[in-house]
Amino acid sequence: MHLFDLLMVMQTFTYESVWRDSQKVNWRVDDLIGPDKPLDFTKRFLPESLARVEELTCLNPKEQLILNHIRGNSYLHLFVLVEAFIIPMVLDQVKRMGYENIFAAQALLGFAEEEGKHIHLFQQFAKAFEQGFGSPCLCISPPEKIAAAILDRHPLGVLLLTLQFEWTTQSHYLESVRNNNEDLDPRFCDLLKYHWLEEAQHTRLDTLLVCELTQVLEPSMIEQVMEDYLKAVHLLHNTLMQQAQLDLQSLEQAIGRSLSPPERDTILAGQEQAYRWGFLCAGLTHPNFIGVLGNLSPSYKTRVTELAKTWS
């Protein structure tokens, strides 16, 4: 069966319930970062489960810390890219739905506003990083071009990619930070926590939207939607692999030495694996996301599961 049971989903949550819950989450970017709340460069920014620098024994502890910081900076820029395609997608859904369901309109407009706040959050952290790191870092640009390529896909395919990333952010905080005993920078922990708080609401909104779009989708369009979704996943994969290469260049400049070819190969292989897990597999393997894919297309659920295995 290729259609979701929208009524069953609605028994769990509605646009109104999500909107009301979202009113309980209230934080400002200035509460998390600013001149009186700087980043602590003596501590790691990302947990080891995401950064995976300890396994790189060709780097000394100081160099591992520097790479962790570079990865934290790249994390900020990559999520600006992700938010850049989410906002237009959400606003298109508001236009499609109109204002007949005022709670849906309020919930989705709030969704877009919060994603804009997240972009501001990541940009302010990136600014604080630039001011304190002491060495330039290379990042994929321009994010708008990559976001535009993703938005060219079928709207439901873009929505699935959005849902995948929102479950990814849940994993980043709940599994990697909340009960973590590592000595992490408290500002970066706050960033992951408060991003998670709002994305938790967005996963429910996306699920409602996926249900609605699926209800009106011709069965013959399922394959196109899923192929568009997978093309977007591969586009992001290629982007991540490019970022891993840029991180390596930034690392050499920051540590003031040229890495040997074997060192470069070892670091790049490890960091490519870390990127695949942190930005793709964490969402692709999330049981709630897999459940959505299974309802939409069992055969593509199998393809996605196999793809995640090759990247894990």
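Residues numbered from 1 in each chain as written. Predicted model: local features only at pLDDT ≥ 70, side-chain atom pairs only at ≥ 80, totals over all residues. Heavy atoms only, no water.

Chemist: With reference to specific residues and values, describe the pattern of salt bridges.
Modeler: A full pass over the atoms with the stated rule returns 16 salt bridges. For Glu48, the salt bridge identified is with Arg44, shortest N-O distance 3.6 Å. Judged by its relative accessible area of 15%, Glu48 falls in the buried class. For Arg303, the salt bridge is made with Glu227, and the minimal N-O distance between the two is 2.7 Å. (Salt bridge = Lys/Arg side-chain N within 4 Å of Asp/Glu carboxyl O. Buried < 20%, exposed > 50% of the residue type's maximum accessible area, 1.4 Å probe, protein only.)

Chemist: So, the environment of Val304: which residues are in play, and what are the values?
Modeler: Tracing the backbone through its elements, the reader meets Val304 in helix H12 (residues 298–311). Placed 102 residues apart in sequence, Val304 and His202 show a C-alpha to C-alpha distance of 22 Å. (Helix = DSSP H or I, 4+ residues; strand = E, 2+ residues; numbered from the N terminus.)

Chemist: So what's going on with the environment of His77? Residues and values would help.
Modeler: Tracing the backbone through its elements, the reader meets His77 in helix H4 (residues 61–97). Classification of His77 by relative accessible area gives partly exposed; the value is 33%. Here the alpha-carbon distance between His77 and Phe125, two residues 48 residues apart in the chain, equals 9.7 Å. Dropping the residues within four chain positions of it, His77 is found in contact with Ala126 and Cys139. (Contact = heavy atoms within 4.5 Å.)

Chemist: Tell me what's going on with unusual backbone geometry, and back it up with residues and numbers.
Modeler: Cis rather than trans, the peptide bond between Ser141 and Pro142 has omega equal to -10°. Looking at the element boundaries, Pro142 is found in the loop between helix H5 (102–133) and helix H6 (143–151). Positive phi, close to 55°, is recorded for Arg52, a residue that is not glycine. Looking at where Arg52 falls in the secondary structure, it is placed in the loop between helix H3 (48–51) and H4.

Chemist: Account for the nonpolar core, with residues named and values stated.
Modeler: Counting residues in each nonpolar core, the largest one holds 102 residues, and the members touching the most others are Phe125, Leu160, Leu161, Leu191, Tyr229 and Leu251. Setting aside residues up to four positions removed in sequence, Tyr229 forms contacts with Gly157, Leu160, Leu161, Gln164, Leu284, Phe289 and Val304. (Core = buried A, V, L, I, M, F, W, Y, C linked by side-chain atoms within 4.5 Å.)

Chemist: Describe the packing of aromatic side chains, listing the residues and the values that go with them.
Modeler: Inspection of every chain in the model, using the stated rule, returns 17 aromatic pairs. Ring centres of Trp19 and Phe103 lie 5.6 Å apart, and the angle between their planes is 50°; this geometry places the pair in the tilted category. Note that Trp19 is positioned in helix H2 (residues 15–22) and Phe103 in helix H5, a separation of 84 residues in sequence. Exposure remark for Trp19: the relative accessible area of 17% places this residue in the buried category. Here Phe103 falls in the partly exposed class, since its relative accessible area comes to 23%. Within the aromatic cluster, the residues linked to one another by ring pairs are Phe41, Phe45, Phe125, Phe129, Phe133 and Phe188. Directly above the aromatic system of Tyr275 lies the positively charged group of Arg71, at a separation of 4.1 Å from the ring centroid. Here the guanidinium or amino end of Arg204 rests over the ring plane of Phe13, the centre of that ring lying 5.7 Å away. (Phe/Tyr/Trp six-rings, centres within 6.5 Å; stacked < 30°, edge-to-face > 60°. Lys NZ or Arg CZ within 6 Å of the ring centre and 35° of its normal.)

Chemist: Requested: an account of empty space enclosed by the protein, with residues and values cited.
Modeler: Tallied over the full model, the rule gives three cavities of 30 Å³ or more. As a volume, the largest cavity reaches approximately 50 Å³. Lining of the largest cavity is provided by Leu78, Leu81, Val82, Phe165, Leu236, Thr239, Leu240 and Phe279. Mapped by element, the contributors of at least two residues to the lining of the largest cavity are H4 and helix H9 (222–255). (1 Å grid on protein atoms, 1.4 Å probe; cavity = no way out; pocket = protein on both sides within 12 Å on 5 of 7 lines; lining within 4 Å. Points joined across faces, edges and corners; volume = space filled by probe spheres on them.)

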